[in-house]
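Each chain, letter by letter, is given below.
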Amino acid sequence: MRYSGHMVKKFIYLLFLVPFLSCSSLETSVFSTNTGIPDSSLTLVTVPRVSEKIVRLQQSLVETQFFNIDTDEFKISNDARGSGGALLVNGKYLEVGTADGRFIGVDLKTEEIENGILPALNMGSDSLPQSKTITYQETLPRLHDLVLYQGYYYATFDRYAPIEDRVRFVVARIRKGEKDWDDLYVSPPLPTALFTLGCGGAMEVDNAGNSLYFSVGDFGLDRQNGLPSDFAPQSETLPWGHILKINLTTFRTVLFSKGHRNPLGLTFLDNGRLLSSEMGPRGGDELNFISQGMNYGWPFSSYGTGYGSFNRYSMPQDWKTGFVSEEPVYLFLPSVAPSSLFQSKTFDESWSGNIVMGSLKAESIFSIKIIEEKVLYSEQIPLGKRIRDLTESGNV
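When its secondary structure is counted, the chain shows 0 helices and 28 strands. Burial statistics for the chain: of 396 residues in total, 55% are counted as buried. Intrachain contacts of the chain at a sequence separation of at least 6 include 55% that bridge at least 24 residues. For the chain, the computed accessible surface area is about 17300 Å², with 49% contributed by carbon and sulfur atoms.

Take a look at the structure:
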């Protein structure tokens, strides 16, 4: 039976990439739920770059344990290169950053699109293929996350500098109308010839608005290379494989936690706890409550195993003295490749307070119920799309 009274729309927006040839088409999906009825609606949107309005693609029905979701699909088609990107909701606008650092706005009422809503990021992608230092490239420099707080847009991304022939991890911010991004944090240059996919890059401002927290993946520095950066996630000074925070008053950056592999999601819960979703090795994907100064184990402690084997991760003998690491609050077996996550507040009463998490390998979203820092259940909702980022909004 459908509710025939006033319907209030609530939304979850999903970002995923569909690669073809050397390009990628950027797709944004939107979950909408009608309060008061047992069904919800999900929307996916297509926005051709040459068009003035979005073009609807298809609709479908997705079943969950507590309600059904009707889906609408739209698409943002562009010549963006690589995988990555992020999205956020700003009032009646959906604002999307492409993998290669360009920004598109969609008016969710009129369905009109606008390119270039923010200046493009300078990531040095065109120069990287000519690098003489970086001989193994799994990816191009890419945008990892985009956050809007008190009028500032914050972005995490990779930057290749041709003069020094190295890649650095960057946090920058800008206001609309400004011409240039201001760097808030720039990492040391990557010290090896590898430029890998384990980049992290998730961001979240704490509930008090004091600090911006961000993750830096291990960038493949989880091994012995005969360099000072060996086993970098266990370092007390290096950023790779760590969660850091920037004080938004002083702009001082400090290490917050260590022992991470590739954390793609960060969110502060209503109770103030910081929750992370982390992509581990084979079978080692985790949810972690993050506390200052704690060690989360990587690369010496993991429930994952080596690719192509059942070998567990271990540490050199000279590291074992005094090593202590935190246990994850939840493990995903088999691996799902978790991405972004948030605590749901408006989407549907049945999910109120739940963690909603995207995934790449599992091509699903997950609704996760946590009570007193224990996972009560995790419901997988298959969508058939590699979910890169997701966010929730109220009425539009």
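Okay, the sheet that holds strand E13 (residues 166-174) next. With respect to topology, 4 strands assemble into an open sheet ordered E11-E12-E13-E14, the strand pairing being antiparallel. Here the strands that pair on one side only, and so sit at the sheet edges, are strand E11 (143-149) and strand E14 (182-186). In this sheet, neighbouring strand axes are inclined to one another by 30 degrees on average, regardless of whether the strands run parallel or antiparallel. Bridge analysis of E11 against strand E12 (residues 152-161) gives 6 bridges, and the strand direction is antiparallel. Counted as the bridge partner of Leu 143 is Phe 157 from E12.

For the coordinates displayed, the defined rule picks out 10 salt bridges. A salt bridge links Asp 183 to Arg 159, with the nearest nitrogen and oxygen atoms 3.0 Å apart. Of this pair, Asp 183 sits in strand E14 while Arg 159 is found in strand E12, placing the two residues 24 residues apart along the sequence. Classification of Arg 159 by relative accessible area gives partly exposed; the value is 23%. A salt bridge links Arg 223 to Asp 222, with the nearest nitrogen and oxygen atoms 2.9 Å apart. With relative accessibility at 15%, the residue Asp 222 sits in the buried group.

Turning our attention to the pairing of strand E18 (residues 242-247). In this sheet, E18 lies alongside strand E17 (residues 211-216) in antiparallel orientation, the contact comprising 6 bridges. Each bridged residue has a counterpart across the sheet, and for Ser 211 the counterpart in E18 is Asn 247. Examined bridge by bridge, E18 and strand E19 (residues 253-258) share 5 bridges and lie antiparallel to one another. Paired with Leu 244 across the strands is Leu 255, a residue of E19.

On average, residues of the chain score 86 in pLDDT, and 85% of them reach the 70 mark or higher. Here residues 1-8 is modelled with pLDDT under 50, and outside its nearest four sequence neighbours on either side it reaches 14 contacts, counting other chains as well. Segment residues 18-25 is flagged for pLDDT under 50; beyond a separation of four residues in sequence, or across chains, it makes 15 contacts in the model.

Here we come to the environment of Glu 327. For Glu 327, the position within the fold is in the loop between strand E22 (285-290) and strand E23 (330-332). Residue Glu 327 is classed as exposed on the basis of its relative accessible area of 54%. Within the structure, Glu 327 has its side chain in polar contact with the side chain of Tyr 303 (distance 2.7 Å).

This part is about unusual backbone geometry. Residue Pro 299 is reached from Trp 298 by a cis peptide bond, and omega for that bond is 5 degrees. With respect to the helices and strands, Pro 299 occurs in the loop between E22 and E23. Residue Leu 333 is joined to Pro 334 through a cis peptide bond whose omega torsion reads -5 degrees. The backbone of Phe 231 shows a phi angle near 50 degrees, a positive value even though the residue is not glycine. Within the element layout of this structure, Phe 231 appears in the loop between E17 and E18. Assessed through its relative accessible area of 9%, Phe 231 is described here as buried. Non-glycine residue Glu 373 carries a positive phi angle of around 65 degrees. One can find Glu 373 in the loop between strand E26 (364-371) and strand E27 (374-382).

Scanning the model with the defined rule gives 17 aromatic pairs in all. Seen from their ring centres, Tyr 152 and Tyr 154 are 6.3 Å apart, and the 55 degrees between their planes marks the pair as tilted. Exposure class is identical for Tyr 152 and Tyr 154. Each is buried. With a centroid separation of 5.3 Å and an interplanar angle of 50 degrees, the aromatic rings of Tyr 185 and Phe 214 are classed as tilted. One end of the pair, Tyr 185, is in strand E14; the other, Phe 214, is in strand E17, with 29 residues separating them in the sequence. You'll find Tyr 185 and Phe 214 in the same group, each marked buried. Site record: aromatic cluster; members linked through ring pairs are Phe 169, Tyr 185, Phe 195, Phe 214 and Phe 219. Positioned over the ring face of Tyr 152 is Arg 175, at 3.9 Å from the centre of the ring.

A word on the side chain of His 260. By secondary structure assignment, the location of His 260 is in the loop between E19 and strand E20 (263-268). At 2.9 Å, the side chain of His 260 forms a polar contact with the side chain of Glu 278. Sequence-distant contacts of His 260, that is, excluding residues within four places in its chain, are made with Asp 218, Pro 233, Gly 241, His 242, Ile 243, Glu 278, Ile 290, Tyr 296 and Trp 298.

This part covers the sheet that holds strand E16 (residues 200-205). The 4 strands are arranged E16-E17-E18-E19 in an open sheet whose pairing can be described as antiparallel. Across the chains shown, the open sheet's two edge strands, defined by having one partner strand only, are E16 and E19. Between one strand axis and the next, the sheet turns through 25 degrees on average, direction left out of account. Summarising the sheet, E16 and E17 pair through 4 bridges and their orientation is antiparallel. Each residue of the ladder has a partner; that of Gly 200, found in E17, is Val 216.

Each value, and the rule that gives it
- Residues numbered from 1 in each chain as written.
- Predicted model: local features only at pLDDT ≥ 70, side-chain atom pairs only at ≥ 80, totals over all residues.
- Heavy atoms only, no water.
- Helix = DSSP H or I, 4+ residues; strand = E, 2+ residues; numbered from the N terminus.
- Buried < 20%, exposed > 50% of the residue type's maximum accessible area, 1.4 Å probe, protein only.
- Contact = heavy atoms within 4.5 Å.
- Areas by Shrake-Rupley, 256 points an atom, 1.4 Å probe, with all protein chains shown as cover.
- Pairing = 2+ DSSP bridges.
- Axes fitted to C-alpha atoms, helices over the stretch in contact; angles between N-to-C directions.
- Salt bridge = Lys/Arg side-chain N within 4 Å of Asp/Glu carboxyl O.
- pLDDT = per-residue confidence, 0-100.
- Polar contact = N/O pair within 3.5 Å; in protein donor to acceptor, adjacent residues only side chain to side chain.
- Phe/Tyr/Trp six-rings, centres within 6.5 Å; stacked < 30°, edge-to-face > 60°.
- Lys NZ or Arg CZ within 6 Å of the ring centre and 35° of its normal.

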